[in-house]
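Coordinate analysis (summary)
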Amino acid sequence: MEPLVIPSATAWMPLVVDFVRAVAAEGGLSAEATYRLRLAVDEIVSNIIGHGYVESGHDGLVRLSARVSEDAVEVIIEDDAPVFDPQATPAPGLDLPPHERPTGGLGLFLAQHCVDDLRYERRGELNRNILAVRRGEGERGAPPGRVLVIGEHPEVVAWLQAEGHDVAVERAVAAGIDRCADQPFDVVIYGAEVSPLTTATLGDRSEPPGVLVLAASVEAAEAHLIDEGVDWAHSPPHPAELRGRVSRLVERRALRARLHRARLQLGALHRLADDFTHTVLPLGLALSREEDADRLIERIVVEAQTLCNADGGTLYLRQGATLRFALVRNDSLGIRLGGLDGAPVPFEPLPLYDADGRPNTRNVATTAALEGHTINVPDIYAATHGPYDFSGPRAFDATFGYHSTSCLTVPLAEPSGRLLGALQLVNARDRESGEQVPFGAYLQKVVESMASQAAVALSRQRLTGFRDGMLELAHDLAIGRRILESFQPAQLPAPPGWTLAARMRPARNVGGDLYDAFPCGDHLMVVVADVCDKGVGAAVFMGLLRTLLRAYAETTGALAATIEHTNRYLVREHGALNMFATLFAATLDPETGALHFVNAGHGPALRVRRGRVDAHFAATGPAVGVIDGAAFRVGHARLAPGDALLAFTDGVTDARDADGRAFGDAAAESAVSHPQADAEALVGALDDALRAHVREAEPFDDVAMLAVMRAPDRG
């Protein structure tokens, strides 16, 4: 390895890194040993430049050389800066706390422990540092490879075989070239006495072998070093040198092979991008403009068949809990069913679910549709023992004298995930030979992209049919929104000696969170509730829940009965909606502060006493609207003078900042763990902390909070 000489400036450090890598490669060091050597050399050279030259005001040169022996790889660093022995540097005091450790010395300590040996010596005017890394057993042999030796080099052949390489020998150069044309080799070794060989003459140009020339000197090898894949070694070679050279050439060929495969993949991606640009995207635009439903269905199947040169195509569309055959085509049989002018499809729809409600995963089309992923079967007759039932295609084959082979089934779904149907293609054909072939990965990607465009077109057509009705519905919803917003109390009651305050922010225009407070006999009832989901549907359910709670509270006068009747009504009358709500409801005696509460699957309400949270009122029953006949236990507590009750929905604790971090229970309790003058100040403290956490992030969920606070004694 030729020495490296650099000026005393850190700008030259990249050359040092390259030098160490080359030495490590020649010595066959592992990645871990190479990394340790790099760290140590970098630290020593950086100290020489920074402290030896720059701080002392000297200019000079740093010289690096290397030795590779049977046992170790050594890097020798020489400089003419003032005397500096890295081993004389005091230890950095690692046993001391960080703030008590002396400054400096840590890098040199690291350098000494990265290598197996570091020696310093002063020779005349030169400092010399020698860094050595031992070569492990796994680093003493070149990576195994296929090596061709041309000519009479028995000692090289013997050494290669001893190192575990697969070795072939040819006496003549012409025979060696012919051998390379027939078989791939990682390295070809020959003597410098013959005419130069290049990597391009030795096999596949995409993955040529490395070439190693055996020569007495670099001058003798110079005529052979005509491309980057050719290296040389002394003849006769030293085992350590031969090991490093062969190892590097084997690794280089492996890298070239990976690069070639990457280029092929890149070419496929370019082809895919070209097809997307010139075929799939224009097709999607054309499909989006198609107004006639039958014409759209037919065009989807025809274009998919054309893209894959497929003999057959079927489009299934969802109809309730089934997939109906919207269009069936087979070119070689001349079958046209459905679509613009085809005969009616005689096949029964495919059920998406079994009689017991389990997904129908026996059929390829229903499985692809339900699970939302493509199913690619190269040969349906070879899939006899697979998970799918191909009795339908086989019956078709028997009836029409056909032979179905390859089958590609792609789901059709809206971006929201709503199932529209499935597209199935049968028997892809090679465009040149016409023979049946499987649907390859490339064709699958193209059809999947085309199917996504088709799904958008089908979805657009479906939505267009609802457009006028949606405009009218939007008008009705605006009116409904104003009605739903009126369900929140315009003014909270305030019994003597008590204050109430609340906040409400929906994640959308309207929300499913609820707070309420109203007289219930001699008591005050307060409610905080959270309806599952968000938006108008949740708001409508919230309006129903509020109405039921108020109505049953007035008729029963009892907290448990109110919750139980509300739950029973929701389950029996609206259970099919799969809607439910969690809630915290309590009745308060303003005279005594006695509190009776029901927590129906809601987060704990808090009692705040003397500026800290001292009680959590956890769940006493399940959410309402889930279990018919559910029991709800009533909890009991008391609000003493100065105490406050604080209830809120999980939109508070689940609120996210811009990085996705939730506000959390601890932050909510911390925000209210300070003495507050009244309920408004208490709710304001929680709301301010919540807004400071969320800042500009999008609302994660509806937010509702309600506080009831008893005035402190004035005596």
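The notes below deal with the structure included here. Treat the numbers as computed from the prediction; the structure is a model and nothing was measured. (Residues numbered from 1 in each chain as written. Predicted model: local features only at pLDDT ≥ 70, side-chain atom pairs only at ≥ 80, totals over all residues. Heavy atoms only, no water.)

This paragraph deals with the side chain of aspartate 231. Secondary-structure assignment places aspartate 231 in strand β10 (residues 230–234). For aspartate 231, a relative accessible area of 12% corresponds to the buried category. Each residue touching aspartate 231, except ones within four places of it in the same chain, is listed here: Val211, Leu212, Val213, Leu225, Arg245, Arg248 and Leu249. (Helix = DSSP H or I, 4+ residues; strand = E, 2+ residues; numbered from the N terminus. Buried < 20%, exposed > 50% of the residue type's maximum accessible area, 1.4 Å probe, protein only. Contact = heavy atoms within 4.5 Å.)

Packed helix pairs are characterised by how far apart their axes lie and by the angle those axes make with each other. The contact between helix α1 (residues 13–26) and helix α2 (residues 31–54) brings their axes to 10 Å, and the two run at 145 degrees. Crossing handedness for the pair α1 and α2: right-handed. For the pair formed by α1 and α2, the contact residues are Met13, Val16, Val17, Val20, Arg21 and Ala24 on the first element and Thr34, Leu37, Arg38, Val41, Asp42, Val45, Ser46 and Ile49 on the second. Considered class by class, the residues forming the contact of α1 with α2 number nine nonpolar, two polar and three charged. (Axes fitted to C-alpha atoms, helices over the stretch in contact; angles between N-to-C directions. Left-handed = near helix turned anticlockwise from the far one by under 90°. Nonpolar A, V, L, I, M, F, W, Y, C, P; charged D, E, K, R; others polar.)

Moving on to the packing of aromatic side chains. For the structure on display, the rule yields seven aromatic pairs. When the centroid spacing of 4.8 Å and the interplanar angle of 55 degrees are considered together, the rings of tyrosine 316 and phenylalanine 325 count as tilted. Using a relative accessible area of 16% as the deciding quantity, one classes phenylalanine 325 as buried. Summarising the aromatic geometry, the rings of phenylalanine 396 and phenylalanine 400 are spaced 4.6 Å apart at their centres and angled 35 degrees between planes, so their arrangement reads as tilted. In this pair, phenylalanine 396 and phenylalanine 400 both sit in helix α10 (residues 391–400), four residues apart, roughly one turn of the helix. By relative accessible area, which is 18% here, phenylalanine 396 ends up buried. The exposure class assigned to phenylalanine 400 is partly exposed, which follows from its relative accessible area of 42%. (Phe/Tyr/Trp six-rings, centres within 6.5 Å; stacked < 30°, edge-to-face > 60°.)

The strand order across the open sheet formed by five strands is β7-β6-β8-β9-β10, and the pairing between neighbours is parallel. Two strands in the sheet have a free side with no partner beyond their single neighbour: β7 (166–170) and β10. When strand polarity is set aside, the average angle formed by the axes of neighbouring strands in this sheet is 25 degrees. Two strands pair when backbone bridges link them, and strand β6 (residues 146–150) and β7 are joined in this way by five bridges, in the parallel orientation. Looking across to β7, one finds that arginine 146 is bridged to aspartate 166. (Pairing = 2+ DSSP bridges.)

With that out of the way, let us pick up the pattern of salt bridges. Across all of its chains, the model carries 31 salt bridges by this definition. The shortest N-O distance in the salt bridge between aspartate 657 and arginine 661 comes to 3.2 Å. Through salt bridges that share partners, Arg63, Glu78, Glu121, Arg123 and Arg128 make up one connected network. (Salt bridge = Lys/Arg side-chain N within 4 Å of Asp/Glu carboxyl O.)

The next subject is the sheet that holds strand β28 (residues 703–710). In space, the five strands of this open sheet follow the order β19-β28-β27-β24-β25, with antiparallel pairing throughout. Since the sheet does not close on itself, it has two edges, and those belong to β19 (498–505) and β25 (612–617), each with one partner. When the angles between neighbouring strand axes are averaged without regard to direction, this sheet yields 20 degrees. Where strand β24 (residues 605–609) and strand β27 (residues 644–648) come together, three bridges link them in antiparallel fashion. If you follow arginine 607 over to β27, its bridge partner there is leucine 645. Contacts between helix α16 (residues 679–694) and the sheet are confined to β19, β27 and β28, with β19 contributing the most and set at about 25 degrees to the helix.

Looking now at the nonpolar core. In terms of nonpolar packing, the biggest core is built from 32 residues, with Leu37, Val41, Val45, Leu64 and Ile77 touching the most fellow members. With nine residues, α2 is the single largest residue contributor to this core. Once you skip the residues sitting within four places of it in the chain, valine 41 turns out to touch Val16, Val20, Leu64, Val75, Ile77 and Leu131. Listed in part, the 30 residues of the second largest apolar core include Leu317, Leu412, Val446 and Met450. (Core = buried A, V, L, I, M, F, W, Y, C linked by side-chain atoms within 4.5 Å.)

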